[in-house]
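One letter stands for each residue in the lines below.
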Amino acid sequence: MRKGISLIVALVLTISLLAACGQASSTDKGAASAPKGSTKLVVYTPNSEDIINTLIPMFEKQTGITVELVSAGTGELIKRLQSEKANPYADVMFGGSHALFMGNGDLFANYVSPNDKDLMEGHRNETGYMTSYVSDASVLLVNKNLVGDIKIESYEDLLNPKLKGKIATADPASSSSAFAQLTNILLAKGGDYTSDKGWNFVGSLIKNLDGKISSGSGAAHKSVADGEYIVALTYEDPSASYVKSGGPVKIVYPTEGAVFLDAVAGIVKGTKNEDNAKKFIDFIISQPAQDAFGTQLTNRPLRTNAKLGSHMKPMSEIKVIKEDDKYVREHKKEIVSRYTDTFTKLQK
């Protein structure tokens, strides 16, 4: 009898253990395949705090995805992506120039957002791997309190003797915005980057600078806003911020034409969070994000129907000329060298 009872007890225990093992096995399997979708996204960005503090919370709230930001200079971030190429940490590079991405296309995965079709012509994703989200133009920033009756509507107007020594600009050899102004001028005044007509104009402009070069791009536009100079060769973003905040300045888009250079974003090749990365690219050119760029911020949006604040002139009212990105990227050293030689000779 006792033997029979013992057998029954043993059998019950065995069944219980098997059931428990089955449950444990089922639980382990569920844990292994548990969350299918990640809620993380690592973003490398050189962008300003204003852009980050406006756009990233919008994206996180809309998607439920948590963004880990790594902020640094564009060159530093590209070097990091190159060193991590075999095992990328970043999912998205949010910011950088068209030319820089073109020179590092092997770092980025192909993806064309469904929203890309809503961007302005000439700013859509033609490479397959980089998406333009804002653009910045070379402009003239004029101090309204100092300009008086001096007409400043074009590059040509900068040769006015009344402006000698009163034009702020940085050195194209060390400032990306000053280099962009130089190539804009060569294209606008000479038709290309090598013509004597364009370079002769650059020489005349250098003479009117009277040897005065700002320490950097920030110093150039600030000196006009602060009333130290009448006009600056600068770019749209900081200029629009002065206008937006009610500063005594106005933005002039040269009548010969302004070049707009895009800031772009791309998905890092080998990303661990590809779906989330795609959602981010979709987001930055979505209607809400593009409206934020044009109204809350001072970056020119590229969506055709994006809203603009009063601090920004509609693109349709600006004469736009197109940069030859490939040529400029491949001949930058030659252009800078010619400018430096010209500047040096005219100081003697």
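The rules behind these values
- Residues numbered from 1 in each chain as written.
- Predicted model: local features only at pLDDT ≥ 70, side-chain atom pairs only at ≥ 80, totals over all residues.
- Heavy atoms only, no water.
- Helix = DSSP H or I, 4+ residues; strand = E, 2+ residues; numbered from the N terminus.
- Buried < 20%, exposed > 50% of the residue type's maximum accessible area, 1.4 Å probe, protein only.
- Lys, Arg positive; Asp, Glu negative; His and termini not counted.
- Salt bridge = Lys/Arg side-chain N within 4 Å of Asp/Glu carboxyl O.
- Contact = heavy atoms within 4.5 Å.
- Core = buried A, V, L, I, M, F, W, Y, C linked by side-chain atoms within 4.5 Å.
- Pairing = 2+ DSSP bridges.
- Right-handed = clockwise from strand over helix to strand, strands pointing away.

Describing the side chain of D291
Checked against the element boundaries, D291 lands in helix 10 (residues 287-295). No salt bridge is formed by the buried D291. Its closest oppositely charged neighbour is K307, at 4.4 Å. Beyond its immediate stretch of four places on either side in the chain, D291 contacts Q296, N305, A306 and K307.

Examining the nonpolar core
Ranked by size, the top nonpolar core spans 33 residues in total, and within it I152, L158 and V231 carry the most contacts. For this core, the secondary-structure elements that each account for two or more residues are strand 4 (131-143), helix 5 (176-190), helix 6 (196-209), strand 6 (231-235) and helix 12 (332-347). Not counting chain neighbours up to four residues away, the residues in contact with V231 comprise L140, L141, V142, I152, L158, L163, K166, I167, A168 and V224. Core analysis: the next-biggest nonpolar cluster, separate from the first, contains 28 residues, V92, I285, F293 and L302 among them.

Overview of the environment of Y327
Summarising the element assignment, Y327 is placed in helix 11 (residues 325-330). Residue Y327 is classed as partly exposed on the basis of its relative accessible area of 23%. Separated by 134 residues in sequence, Y327 and Y193 place their C-alpha atoms 8.8 Å apart. In contact with Y327, not counting residues within four places along its chain, are Y193, T194 and I335.

Some words on the pairing of strand 1 (residues 40-45)
Judged by how many residues are buried, strand 1 sits mostly within the fold: five of six residues are covered. Of the pairings in the sheet, the one linking strand 1 to strand 2 (residues 66-71) comprises six bridges and is parallel in character. Its bridge partner lying in strand 2, K40 is registered against T66. Crossover strand 1 to strand 2 through helix 2 (residues 49-63) is right-handed. Taken together, the two bridges between strand 1 and strand 3 (residues 92-97) define a ladder with parallel strand orientation. Looking at strand 3, one finds that Y44 is bridged to M93.

Bear in mind that shape data such as this cannot, by itself, settle questions of function.
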